[in-house]
Amino acid sequence: MNILIMGPAGAGKGTMSDLIIKSYDIPHISTGDMLRENVRNNTELGQQARAYMDAGKLVPDELINAMVEKRLLEQDCQKGYLLDGFPRTLVQAKAFEEMAERIGKPVESVLALEVGFETLKDRITGRRVCPKCGAIYHVVNHPSQTEGICDSCGNELQQRRDDTVEQLKVRMDEYEAKTKPIIDYFEPKGVVTHIDASQNQDATFTQVKEALGKVA
Ligand code: AP5
């Protein structure tokens, strides 16, 4: 199954993705995670992307498109993909559509997660992540068993560098101006499902499963 999951910063794309891949045999491909790994490893791409990410701005399209195309050609994408955080601009969306058709993997479902600003603020400031295994926690909604320690791998949890209220505002503005129009672009193709992601994780995942059930 070929899925895009979209929504503003903190909407729960990573959280829902972790649940989706437990039910479907497809990889979770997060362009944010791929970029952060490049920054950590200080690759050429990471050096170029870092300043944009720290400011909450989008990384230029040409860097992202090449990175995603290469990833989708890997063996584990044979049965499909779950793309999280991509495409993020209309330029990326059009290039992606052309590429997805060319490699025989057109989009079948676009999950549009919707959440208001105040809820996003709580989620972003309370988020803790494991830099080693990628597990996502929240100090109130989904705390780890031992404060500050990952349940899965025992590593120390961290706050993301861009998880401040200031950067959230920039990321929201970027989302409204550049990413939301992509949902309108896919809407006439009949693949978009709007999800009320302000609900708790279980209730949100129930809506996601219903949406994917229609194309499974
Ligand atoms: P990216 O990593 O994609 O960040 P984002 O889109 O800002 O989204 P987040 O990862 O912050 O949030 P999420 O929706 O995954 O929420 P989560 O599940 O963690 O991108 C980072 C940066 O990389 C961008 O700013 C840009 O610079 C660059 N970039 C990436 N892709 C790019 C592209 N294609 N083009 C250009 N630049 C790109 O949940 C958040 C918190 O809420 C967690 O603590 C979680 O436990 C909690 N939570 C989640 N769901 C619920 C729920 N239903 N109820 C209660 N709590 C919940």
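What you see is a predicted model, and the numbers here were worked out from it, not measured in a lab. (Residues numbered from 1 in each chain as written. Predicted model: local features only at pLDDT ≥ 70, side-chain atom pairs only at ≥ 80, totals over all residues. Heavy atoms only, no water.)

Caption draft 1: Up close: the overall build of the protein. The helix and strand tally for the protein stands at eight helices and seven strands. What you see for the protein is a C-alpha radius of gyration of 16 Å, in line with the 17 Å of a compact globule of 216 residues. Taken over the C-alpha atoms alone, the protein extends approximately 45 × 40 × 35 Å along its principal axes. Residue burial in the protein is summarised as follows: out of 216 residues, 48% are buried. Across the protein, the fraction of contacts at a sequence separation of at least 24, relative to all contacts at a separation of at least 6, is 69%. Within the structure as shown, the protein displays about 11,000 Å² of accessible surface, and the carbon and sulfur contribution to it stands at 48%. Of the charged side chains in the protein, 27 are positive and 33 negative, and the gap between their average positions amounts to 2 Å. (Helix = DSSP H or I, 4+ residues; strand = E, 2+ residues; numbered from the N terminus. Rg over C-alpha atoms; globule rule 2.2 N^0.38 Å. Buried < 20%, exposed > 50% of the residue type's maximum accessible area, 1.4 Å probe, protein only. Contact = heavy atoms within 4.5 Å. Areas by Shrake-Rupley, 256 points an atom, 1.4 Å probe, with all protein chains shown as cover. Lys, Arg positive; Asp, Glu negative; His and termini not counted. Charge placed at Lys NZ, Arg CZ, Asp CG, Glu CD.)

Caption draft 2: Structural detail: the side chain of Asp-162. With respect to the helices, strands and loops of the structure, Asp-162 is situated in the loop between strand S6 (136-138) and helix H7 (165-186). Not counting the four nearest positions on each side in its chain, Asp-162 is found in contact with Met-53, Gln-167 and Arg-171.

Caption draft 3: Main features of the environment of Cys-130. You can see Cys-130 is positioned in the loop between strand S5 (127-129) and S6. On the basis of relative accessible area, Cys-130 is assigned to the buried category, the value being 3%. Expressed as a C-alpha distance, the spacing of Cys-130 and Ser-152, which sit 22 residues apart in the sequence, is 9.0 Å. Residue contacts for Cys-130: discarding those within four places in its chain leaves Ala-135, Cys-150, Cys-153, Asn-155 and Leu-157.

Caption draft 4: Structural context of the state of the cysteines. Going through the model one piece at a time under the given rule, you end up with zero disulfides. Cys-150 supplies the cysteine sulfur nearest to Cys-133, a cysteine that is in no disulfide, at a spacing of 3.7 Å. Its sulfur unpaired, Cys-153 is 3.4 Å from the next cysteine sulfur, which belongs to Cys-130. For Cys-153, a relative accessible area of 30% gives the class partly exposed. (Disulfide = S-S within 2.5 Å.)

Caption draft 5: Highlighting the packing of helix H4 (residues 61-72) against helix H5 (residues 90-102). For the pair H4 and H5, the least separation of the axes is 10 Å and the interaxial angle reads 25°. For the element pair H4 / H5, the angle class is roughly parallel. Considering the relative orientation of H4 and H5, their crossing is right-handed. Contacts between H4 and H5 involve Asp-61, Ile-64, Asn-65, Val-68, Glu-69 and Leu-72 from the former and Val-91, Gln-92, Ala-95, Phe-96, Met-99 and Arg-102 from the latter. Counted by class, the contact of H4 with H5 contains seven nonpolar, two polar and three charged residues. (Axes fitted to C-alpha atoms, helices over the stretch in contact; angles between N-to-C directions. Parallel < 35°, antiparallel > 145°, perpendicular 65-115°, else oblique. Left-handed = near helix turned anticlockwise from the far one by under 90°. Nonpolar A, V, L, I, M, F, W, Y, C, P; charged D, E, K, R; others polar.)

Caption draft 6: Structural context of the site of the ligand. Near the ligand you find 36 residues, and of these Thr-15, Thr-31, Lys-57, Arg-88 and Arg-127 are the closest. Contact distances for the ligand include 2.9 Å between an oxygen atom and a backbone N or O atom of Gly-10. Between the ligand and the protein, one listed contact pairs a nitrogen atom with a side-chain N or O atom of Gln-92 at 2.9 Å. For the ligand, whose free accessible area comes to 1,100 Å², the fraction covered by protein is 97%. Considering every element that reaches the shell around the ligand, the biggest residue donor is helix H2 (residues 31-40), with four residues. For the shell around the ligand, the residue count by class is 13 nonpolar, 14 polar and nine charged. (Near = heavy atom within 4 Å. Polar contact = N/O pair within 3.5 Å; in protein donor to acceptor, adjacent residues only side chain to side chain.)

Caption draft 7: Here's a closer look at the side chain of Gln-92. Within the secondary structure, Gln-92 sits in helix H5. What makes Gln-92 buried here is its relative accessible area of 2%. Reaching out from Gln-92, the side chain makes a polar contact with the backbone nitrogen of Arg-88 at a distance of 2.8 Å. The contacts of Gln-92, once residues within four sequence positions are left out, are Val-59, Asp-61, Ile-64, Asn-65, Phe-86 and Pro-87.

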